[in-house]
Amino acid sequence: MTAPTVANAFGALREQLTSAAAAFAGSPDALGAILAGMVDDVDRALGERLEIFPVCHHSPASGLAMVRRLRAKQPRVIYLELCEDLQPLLGELRNCRLPVAVQAFASELSGFPADAGPLSVVAPVTEASAEYQAIAYALETPGVELVLVDRSTDHVFQWSPRDQPPPADAGPAAEGGDVGAAPDTGDDSALHGDAVGVEIGDLRPRFAELEAYLLHHGKVRHWSEWWDQYIERPLADADHDTYRQVMVLVGSLFRRLRPADSDRLDRDEDRERYMWTRMRQHLATSGVDPADCLYVCGAFHAASRVEQFGLGSTADDFEITPRTGTRWRYGLIPSSHSAIETQFGLAPGSVSIAAATWTKAVSRHGLSPYRLDGQRTSAAQRRRGQATAAPSPAAGPVSDRLTGFLAAPPDLFDLDEAELRGWCVDIVRLARRNGYLASTADAIAVFETSVLLAGLRNRARPTPYDFADAAVTCIEKDVVPGRRDVRRLCEILLGGDRLGQVGYDALPPLARDVLDRLQPLGLALEKRTVQRALLDLAGQPELARCSDLLWILRHLLPPDAVRPIMGERRLGHRSIQESWDLALGRNQRALIELGYEGVTVEQVLEQRLRRAVRGPDATAAGALAAVEDAIRLLDSPRLVDELGARAVDLLAAERTVDDAPDVLRRIRRLLAHYRATAPTLPPWCEAFVTTGYAHYCTLLPTAIAAEETEVRQVGAMLGFLFSMEGLALSLGCDRSQLELAVAQAHPTAPAKVALLWAGQHQLGLLPLAELRARCAELLANPLVVPAFPQYLAGLVHALEPVPGLAPFVVETMSNAFARLPDPVLLPWLPTLISTLRDQGPELVPLLIREAGRTFPTALPELDSWVPPWVAPSSPTRAVTVAAPQRRVGVLLAAHPEAVDAVAALLGCPAGWQPLPDPPADRSAMSALLAGHPDTAAAVAALLGV
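Residues numbered from 1 in each chain as written. Predicted model: local features only at pLDDT ≥ 70, side-chain atom pairs only at ≥ 80, totals over all residues. Heavy atoms only, no water.

Q: Where do I start with the side chain of Asp466 in this structure?
A: Within the secondary structure, Asp466 is located in helix 18 (residues 464-476). Since its relative accessible area comes to 0%, Asp466 is described here as buried. With sequence-adjacent residues up to four places away left out, Asp466 is seen in contact with Ser450, Leu453, Ala454, Arg457, Arg459 and Arg461. (Helix = DSSP H or I, 4+ residues; strand = E, 2+ residues; numbered from the N terminus. Buried < 20%, exposed > 50% of the residue type's maximum accessible area, 1.4 Å probe, protein only. Contact = heavy atoms within 4.5 Å.)

Q: How should the environment of Leu670 be read in this particular structure?
A: With respect to the secondary-structure elements, Leu670 resides in helix 26 (residues 660-677). By relative accessible area, which is 0% here, Leu670 ends up buried. A sequence separation of 15 residues divides Leu670 from Cys685, and the C-alpha atoms of the two residues are 8.4 Å apart. Each residue touching Leu670, except ones within four places of it in the same chain, is listed here: Leu571, Leu624, Val627, Glu628, Ile631 and Trp684.

Q: How do you make sense of the sheet that holds strand 1 (residues 51-55) when you look at a structure like this?
A: Think of a sheet as strands paired side by side through backbone hydrogen bonds, with each pair either parallel or antiparallel. What the four strands build is an open sheet, ordered 1-9-2-6; its pairing is parallel. Because the sheet does not close on itself, it has two edges, and the strands there are strand 1 and strand 6 (145-150). Going across the sheet, the axis of each strand differs from the next one's by a mean of 30 degrees, ignoring polarity. Where helix 4 (residues 60-73) meets the sheet, it contacts strand 1, strand 2 (77-83) and strand 9 (293-298), and its direction lies at approximately 155 degrees from that of strand 1. (Pairing = 2+ DSSP bridges. Axes fitted to C-alpha atoms, helices over the stretch in contact; angles between N-to-C directions.)

Q: Please explain the confidence of the model for the protein chain as it appears in this structure.
A: One rule of thumb: low pLDDT means the predicted coordinates there are not for detailed reading. Looking at the protein chain as a whole, its pLDDT mean stands at 79, while 80% of the residues score no less than 70. Here residues 376-394 scores under 50 on pLDDT; set against residues more than four positions off or in separate chains, the count is 18 contacts. Every residue in residues 873-883 is under pLDDT 50, and counting partners more than four places away or in other chains gives eight contacts. (pLDDT = per-residue confidence, 0-100.)

Q: Please clarify how a negative patch on the surface should be interpreted in this entry.
A: Negative charge collects at one region of the surface, where Asp658, Glu707, Glu708 and Glu710 lie side by side. Mapped onto the elements, Glu710 comes out in the loop between helix 27 (683-705) and helix 28 (711-723). (Patch = residues over 30% accessible without salt bridge, like charges linked within 9 Å, V, L, I, M, F, W, Y side chains within 5 Å. Areas by Shrake-Rupley, 256 points an atom, 1.4 Å probe, with all protein chains shown as cover. Salt bridge = Lys/Arg side-chain N within 4 Å of Asp/Glu carboxyl O. Lys, Arg positive; Asp, Glu negative; His and termini not counted. Charge placed at Lys NZ, Arg CZ, Asp CG, Glu CD.)

Q: I keep staring at the nonpolar core and nothing clicks. Help me out?
A: Among soluble globular proteins, nonpolar side chains are generally buried collectively. Formed by 192 residues in total, the largest nonpolar core has its most connected members in Leu518 and Phe688. Among the elements that line this core, the one with the most residues is helix 27, at 11 residues. (Core = buried A, V, L, I, M, F, W, Y, C linked by side-chain atoms within 4.5 Å.)

Q: Could you clarify how one ought to interpret the sheet that holds strand 13 (residues 562-566) in this entry?
A: The three strands are arranged 12-16-13 in an open sheet whose pairing can be described as antiparallel. With one partner strand each, in any of the chains shown, strand 12 (531-536) and strand 13 form the two edges of the open sheet. The average angle at which neighbouring strand axes cross in this sheet is 25 degrees, direction not considered. Inspection of the sheet shows strand 12 paired to strand 16 (residues 577-582) by six bridges, in the antiparallel sense. Bridge pairing in strand 16 places Leu534 opposite Ser579.

Q: When you look at the packing of helix 25 (residues 637-653) against helix 27 in this model, what are you seeing that I'm missing?
A: Two numbers describe a pair of packed helices, the interaxial angle and the distance between the axes. The geometry of helix 25 relative to helix 27 is characterised by a closest axis approach of 9 Å and an angle of 10 degrees between their N-to-C directions. In terms of axis orientation, helix 25 runs roughly parallel to helix 27. Across the interface between the two elements, Val640, Asp641, Gly644, Ala645, Ala647, Val648, Leu651 and Ala652 of helix 25 pack against Trp684, Ala687, Phe688, Thr691, Gly692, His695 and Tyr696 of helix 27. In terms of residue class, the contact of helix 25 with helix 27 is built from 10 nonpolar, four polar and one charged. (Parallel < 35°, antiparallel > 145°, perpendicular 65-115°, else oblique. Nonpolar A, V, L, I, M, F, W, Y, C, P; charged D, E, K, R; others polar.)

Q: Would you explain the pattern of salt bridges in this entry?
A: Side-chain pairs of opposite charge can arise whenever the charged atoms involved come near each other. A complete count under the given rule lists 39 salt bridges for this structure. With its nearest N and O atoms 2.8 Å apart, the salt bridge here joins Arg608 to Glu597. In this pair, Arg608 is assigned in helix 23 (residues 601-614) and Glu597 in the loop between helix 22 (588-595) and helix 23, connecting sequence segments 11 residues apart. Measuring nitrogen to oxygen at the nearest pair gives 3.1 Å for the salt bridge that ties Arg669 to Glu628. Of this pair, Arg669 sits in helix 26 while Glu628 sits in helix 24 (residues 620-633), and the two are 41 residues apart along the sequence. With a relative accessible area of 35%, Arg669 lands in the partly exposed category.

Q: Before we go on, may I ask you to explain a nonpolar patch on the surface in this structure?
A: A surface patch of nonpolar side chains, about 310 Å² in accessible area, is lined by Val902, Leu905 and Leu906. Overall, the relative accessible area of 41% leaves Val902 in the partly exposed class.

Q: Looking at this model, I keep getting lost on the environment of Val640. Mind explaining?
A: Looking at the element boundaries, Val640 is found in helix 25. Between the alpha carbons of Val640 and Asp629 there is a distance of 9.1 Å; along the sequence they are 11 residues apart. Excluding its chain neighbours within four sequence positions, the residues that come into contact with Val640 are Val627, Ala630, Ile631, Tyr674 and Trp684.

In structure tokens:
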């Protein structure tokens, strides 16, 4: 076949289109050049010695044409437009249930920005796609070689603009013509995550104006529906020559109408140069005859005009840049119809409709599609399909099929009433199951409305899209009673969201190891249903290893993959019974991607913990969290010491106190764990305490005066200094450093001033009487009263470093409620409540417990109750506390040994005398009680006397 012969075959069509352009446009220049150029592209593609087979991704028409051509031509070499480094994975498709996606994944980047990772590329595969038919034919036919010729996954990101990432909703045109990124939307539509998707045969207008024009005049709502109506269905029954010519013509149309200054055009042309260079190199080294080869690519690339196009090109080979040092890992992940639709911007349900169309067309034409071994149907079905298949005739001289195809009216298919009637009955049945009040009348209405919509849209017969619109109109009304609306029910009816699964043999070693180690549970973990696992660790100690693995997976996988129902794993605590909800089959993708990071989950967890404390945004609090995880999940003292030492370095390097509350909470928990389980503290714990003591002493004067520092952060700093003071001093720290830091602190915010007072009281610099006097002065000053809730908030946060102030905080709050009049109290009461709720919710229970011990337990006692903070020298105080003191004296007289010990400790003279009636002289015990009235009243209240 020579190029002049092909050109002569389309000469009449070229002249006809040029004349039509001159007649309609008034000049043949612009429109005529486009139309004639489209014919020239068809000439060039069909005149090439290496047969080009244009396809559209997930197109049943392309799949049918591919099956026919493979049976007729029986090529020895198939060049496929797919990332060349994905080729070793294609054989693993035998162990999977389609749809699945071939994936390349990289988390350790070299040559790319560090914040760009992880990088992921997926190429979804469905049975109805032409590329799957080519892959199955090549892998199952002896002597056939499959060669992937597209750029590598590394080049996908090399050629992507660094400052303009692919938009999430741009569909298949987002990157390089065939690539798009999808948002992580959850459910089955997020099976590909945020991976970049690669598809073959992206046929879609390259600017919005053309697409909007086609959708408007085609009377459709989405591009998938336009393609199905005007390309897919007419080509389903077309012969090979007609199919090739029409697909190249459509690809040329969209290519020529795309803006010439588009950045994607340059990347697309580089891809075409790349592919033709690879094919010429393979032909030169293998010596195979081009007549025995087949080049499968997107119709957009079949109409290429690059200088390297064709085997007869004299242009130099395209210079292929080397790959970066990024280490790519490869595998298969499960996919679904909805995931493909979401990632490539297709209409919801379009891939399911394509799958149903494929199944119906294969049965109608009697074709036997190619399937990989392990995915084949029964032998009887294969024999029946092969017996009735009608192979296409061998390729001969090319004749003009475009003229007849473009001039012929659409085929007037008869209305398949049985099919449409079955849809209407089934959708009513599904609607009833999902809560709709549907009846037989609705089925009739859907039938008639489908026919009416098809007529209004100039369609010979209702399509699935017409049926779905009619069902929504007639059944849904204005209320959706359940989770699924009618359109979703139509998608389920017409094919459903088929979910793929990666077989055990195709899983990475880590995933297989996880499934093997969880076998003692006796569950079918490959299923997508949620399964309940019950672990009696006391009765079945052998399940302890399963429990350990589940807790690690809980840390590594998404929350819904492994969810504990009963049981917990804390520092120093392990449950004796556990209950889990497992959905590993539903989260197979996440489990597979763990396999790209290591061989076992323990190795992956260890790497992630190290990475978390070594990253540029690592903090001391995060390092302590990593230490906790290492203790809870991994039995590795060496790793714990390494992470702890890193936490010390991070704490010393911090210049803010933003994470002080988290640091205090975690180090307290770790110290309590080591004191309960180890004879001594590990060296890193001691270093952390001494470093933190010096660090927070240094930052205290600056942080307490800074406006951006919150009250809870300052309270956590003081909490660290005071609660760790004994341990820090025993390890060599100097208490004068803390005293100097407190002396240099000069806050201005009311809450921080109250915190400083608490710190001074803890150091013995501010007696309780003086602190009480300062608070009384604040309440007496009308200018300060509006800000008094802030002082109270500071006192509440002071309970973190000085928990002994709880009675005083209750006293201060009670005095405020008692002394302030309602016009003053009511305006700042909401401020007090919101302040306590926002700034100290974890400390409020401590106040409530203290108030419960202080105030009377019954309402009648309130009339005779006197607050314990009333001065002991008050006459009223002496009279009212006499009875409680006598009752406490009677109690203490019953325990003389304990009283003697306390008296000796306090330096009181010993000796017992009968307790006289007041106001008689008191004995030594009475003198002891009189000297410590607050203690006596507190003990009496505590014992309920």
